[in-house]
Amino acid sequence: MKSRYKVAIQGIVQGVGFRPFVYQQALARRLTGYVTNTSHGVDLEVEGEGLELDDFIRTLRQDPPPLSRITSLEFQPLPPQGDSEFTILQSQAQKTRSALISPDVAVCPDCLRELRDPRDRRYRYPFINCTNCGPRYTIIKDIPYDRAKTTMAAFTLCPECSAEYHDPLNRRFHAQPNACWTCGPRVTLLDGAGQPLDCEDPIAETARLLREGWVVAIKGLGGFHLAVEAVQEEAVRRLRQRKHREEKPLALMCPDLARVREFARVEAEEEEVLCSRERPILLLRKKEPSPVAPAVAPGNQYYGVMLPYTPLHYLLLDQGFLALVLTSGNLSEEPICIDNEEAFVRLKGIADYFLVHNRDIHLRSDDSIVQQVSGSLRQLRRSRGFVPIPVFLAEPLAPILACGAELKNTVCLTKDNRAFISQHVGDLENLETLHFFEQTIEHLKQILQIEPEVIAYDLHPDYLSTRYALEQEGVELIGVQHHFAHLVGCLAEHGLNEKVIGLTLDGSGYGLDGRIWGGEVLVGDCGSFERCGHFAYLPLPGGARAVKEPWRMAVSYLYQAYGEKLWDLPLPLLERIDRSQLEILVQMIQKGINSPLTSSCGRLFDGVAALIGLRDTVAFEGQAAMELEMIQGREVEAPYDFEVLRSQEALQILPQPIIRGVVEDIRQGASRERISRRFHRTLVEVLTRVCQILREDWGLGKVALGGGVFQNRTLLMEMEARLRAEGFQVFSKSLVPSNDGGISLGQAVAAHYMRRKMTAVSTRR
Ligand code: ZN
Ligand code: ZN
Ligand code: FE
């Protein structure tokens, strides 16, 4: 008895070998029918014996091709037609498109085997790929995803590659970047002046140069890296000095897990992340003593480690390295280089040699950075490997462009129930990055076929992203408060739209009162919020300088807690810093000169870090806070006293008792480890208290965590645990970064619901 089904599949099902997979599965079960790509995904009809059909559908659901992601699979019975074979039909004419584009994918086990097999025709070929792996997002210029619209268009398939490309039973059937030694891209090694070096094996020669301690710029998948051998302290220092990257940790690439274990601890779930096809940089706890040069990650208990993700990386790392430092090929602050010519100009004087190739990168994409906390993967920088996989939303949205904030900028475009967050754009503080920001918006609009009706932006008038938004014409503009966007980002990720308590802790964001917010307790849903609590305001003496110089914050907190009596405190900080500098600063605070008020939580970390002598100035954003977390002791400690003040408009968390506690500990000679531990505990306690008060006031039992401060593992883990112990349901971010890299998602979703509320109000009138 034969049956027939019509099956419609949506998700990432194009360009990932889905049709050949269906074809093979049908053939294996002697089913007939057809499969085809449509504007929405893949459609197919299958006919055969009932049991075989059920097994076929089960396989589609449970064991689809590795790169596919099925977001919906619907099937309905049809009358049998008695066709005689199974065919792959030509793609149907496509008017509107919602088929998803695949991210770039690490080289697959099959290709890796061929790469290392002397009998294979692609033996040691640096661009080997197949339908299950290889470049995607970074080489796509336009849609539909076909070779002619990628940067592979410049290479004509040789007869052998072409035969593979056209054979539905071949692993390279319709693999757009398919290539080999005969027809595909090549690598070349160049000296610092851009002159090709005469060598038989450019990769082996690169390995030799790295072992000699040279800095080599290596063209990768989403941009150039700068490489040195990770065990050579002097080479690492030289790289830092040339790149003007003094202290920020550098990423490592390691040939395999065994080698990673020589210098870092890898838990079972972390092992999976390292080996995943996204191949992000994962933060792993250092082993001491470590063979890796100290200059790789000074003042940090973690290394950022990734495994090779392109064939070129494998060939290079296979040359006997423990690890290479592989950091983005740019001067600090600028976007990563992608173009050969551009690299020679911008990396001149930084790189001694260049290992380049002639497959163009169309869109840059930095390596993603993640950490594993409380059983979940946490994004710190969501980029290569994850982009452009959308976040799926609870409801369909209007086409919205959200411009993000300033630091760690990303943008977000929405279509139906999908939010597409861009790759990491960077800190929007210079023209190069602004240009990349604009280019990313245009490119995403093009390949996703989205023409935004609404643009959402941050309220900070000076952010370049805000200025960009306000210059756009013919669209509705909606400003979204920074911390509200953090909160809504968390709600969106969890498909929530109801009133919750939002603990939103970060360095800074423009507040509704024009002050610098950053330690905010909001009550809100996706469309509106109230600010129900915050850290008490205090002056930020010197404005932006106070962010770069935490000692200024320490003095501001001391003044807030002790007033003029601060001069009597026996604190090393007051000895360390020049007296006249201190006096000027105190005057600035007293007179309110260049001292905007802030309720920042990040600055409280800075202030405490400076007070205990960890760091008076920082080389990068969040450094003092990070080091304060790292230094933390493991002993059980009591929290400091704390106080929550109920004022008319909102609860205020007073820093004074916490600061007095820290000062008292310093006086009594308590260790920095102990003070840091007590400080973390205090924050967890005081924030839990605030949530309890708000639960009584509002009857709310759900808490959403957001903001860059929750990159702090301790705080995230303990806050979650503590609130759960008190009976709260806790939501934190995992798909998008908790830092400002996740702001664009929140802006887009908030703008949608704010707009809806506005329309509701105006219709009521
Ligand atoms: Zn492959
Ligand atoms: Zn070929
Ligand atoms: Fe923020």
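Residues numbered from 1 in each chain as written. Chains lettered and ligands numbered in written order. Predicted model: local features only at pLDDT ≥ 70, side-chain atom pairs only at ≥ 80, totals over all residues. Heavy atoms only, no water.

Moving on, we come to the overall build of the protein chain. Summing up its helical and strand segments, the protein chain has 23 helices and 29 strands in all. With respect to the principal axes defined by its C-alpha atoms, the protein chain has extents near 90 × 70 × 50 Å. Looking at the 765 residues of the protein chain, the share that counts as buried comes to 61%. Sequence-distant contacts, at least 24 apart, represent 71% of the contacts inside the protein chain between residues at least 6 apart. Of the roughly 29,500 Å² that the protein chain leaves accessible, carbon and sulfur atoms contribute 48%. The distance from the centre of the 88 positive side-chain charges to the centre of the 99 negative ones in the protein chain is 1 Å. (Helix = DSSP H or I, 4+ residues; strand = E, 2+ residues; numbered from the N terminus. Buried < 20%, exposed > 50% of the residue type's maximum accessible area, 1.4 Å probe, protein only. Contact = heavy atoms within 4.5 Å. Areas by Shrake-Rupley, 256 points an atom, 1.4 Å probe, with all protein chains shown as cover. Lys, Arg positive; Asp, Glu negative; His and termini not counted. Charge placed at Lys NZ, Arg CZ, Asp CG, Glu CD.)

Taken in spatial order, the ten strands make up an open sheet running 6-13-7-8-12-9-11-10-14-15, and their pairing is mixed. Each having just a single partner strand, strand 6 (187-191) and strand 15 (376-381) make up the two edges of the open sheet. Recorded for the sheet is a direction-independent mean angle of 35 degrees between the axes of neighbouring strands. Summarising the sheet, strand 10 (residues 281-285) and strand 14 (residues 369-373) pair through two bridges and their orientation is parallel. Bridge pairing in strand 14 places Leu-282 opposite Val-370. Together, strand 10, strand 11 (302-306), strand 14 and strand 15 form the strand contacts of helix 8 (residues 268-275), whose direction differs from that of strand 10 by roughly 150 degrees. Against the sheet, helix 22 (residues 713-725) makes contact with strand 10, strand 11, strand 14 and strand 15, and its axis sits at roughly 40 degrees relative to strand 14, the strand it touches most. (Pairing = 2+ DSSP bridges. Axes fitted to C-alpha atoms, helices over the stretch in contact; angles between N-to-C directions.)

All of the protein donors around the zinc ion (ligand 1) are Cys-108 (SG), Cys-111 (SG), Cys-130 (SG) and Cys-133 (SG); their distances to the metal are 2.3 Å. All donors of the zinc ion (ligand 1) belong to a single chain; written as a sequence motif, their spacing is C-x2-C-x18-C-x2-C. Pair noted here: Cys-111 is in helix 3 (residues 109-115) and Cys-130 is in the loop between helix 3 and helix 4 (159-166), with a separation of 19 residues, a long-range link. When its relative accessible area of 0% is taken as the criterion, Cys-111 is described as buried. (Donors = N, O, S within 2.8 Å, 3.2 Å for Na, K, Ca; no water.)

Attention now moves to the coordination of the zinc ion (ligand 2). The protein atoms that coordinate the zinc ion (ligand 2) are Cys-158 (SG), Cys-161 (SG), Cys-180 (SG) and Cys-183 (SG), at distances spanning 2.2 to 2.3 Å. For the zinc ion (ligand 2), the four donor atoms in the first shell make angles of 104 to 116 degrees at the metal, so the coordination geometry reads as tetrahedral. Linear spacing of the donor residues for the zinc ion (ligand 2) on their chain is C-x2-C-x18-C-x2-C. For the pair Cys-180 and Cys-183, a shared accessibility class is recorded, and that class is buried. (Tetrahedral: all angles 85-135°; square planar, octahedral: opposite > 155°, others 65-115°.)

Moving on: the environment of Val-345. Its place among the elements puts Val-345 in helix 10 (residues 340-346). Remark: the alpha-carbon pair of Val-345 and Pro-541, spanning 196 residues in sequence, is separated by 39 Å.

Attention now moves to the packing of aromatic side chains. Under the counting rule described, the total for this entry stands at eleven aromatic pairs. Ring geometry for Trp-214 against Tyr-353: centres 5.8 Å apart, planes inclined by 85 degrees, an arrangement best described as edge-to-face. Pair noted here: Trp-214 is in the loop between helix 5 (202-211) and strand 7 (216-219) and Tyr-353 is in strand 13 (residues 353-357), with a separation of 139 residues, a long-range link. For Trp-214, a relative accessible area of 34% puts it in the partly exposed group. Its relative accessible area of 16% is what places Tyr-353 among the buried residues. Every member of this aromatic cluster is reached through a ring pair, and the members are Tyr-125, Phe-127 and Trp-181. Arg-515 extends its terminal NZ or CZ atom over the ring of Tyr-537, reaching a point 4.8 Å from the ring centre. Stacked on the ring of Phe-728, the Lys or Arg Arg-695 has its end atom at 3.9 Å from the ring centre. (Phe/Tyr/Trp six-rings, centres within 6.5 Å; stacked < 30°, edge-to-face > 60°. Lys NZ or Arg CZ within 6 Å of the ring centre and 35° of its normal.)

What follows concerns the pairing of strand 28 (residues 702-706). By the criterion of burial, strand 28 is predominantly enclosed, with five of the five residues buried. Burial of strand 28 is two-sided: the residues Lys-702, Ala-704 and Gly-706 facing one way and the residues Val-703 and Leu-705 facing the other way are all buried. Pairing geometry for strand 21 (residues 500-510) and strand 28, over four bridges, is parallel. Opposite Gly-502, over in strand 28, you have Ala-704 as the bridge partner. In terms of strand pairing, strand 28 meets strand 29 (residues 729-731) through three bridges, oriented parallel. Paired with Val-703 across the strands is Val-730, a residue of strand 29. Chirality of the crossover, the property in question, places the unit of strand 28, helix 22 and strand 29 among those that are right-handed. (Right-handed = clockwise from strand over helix to strand, strands pointing away.)

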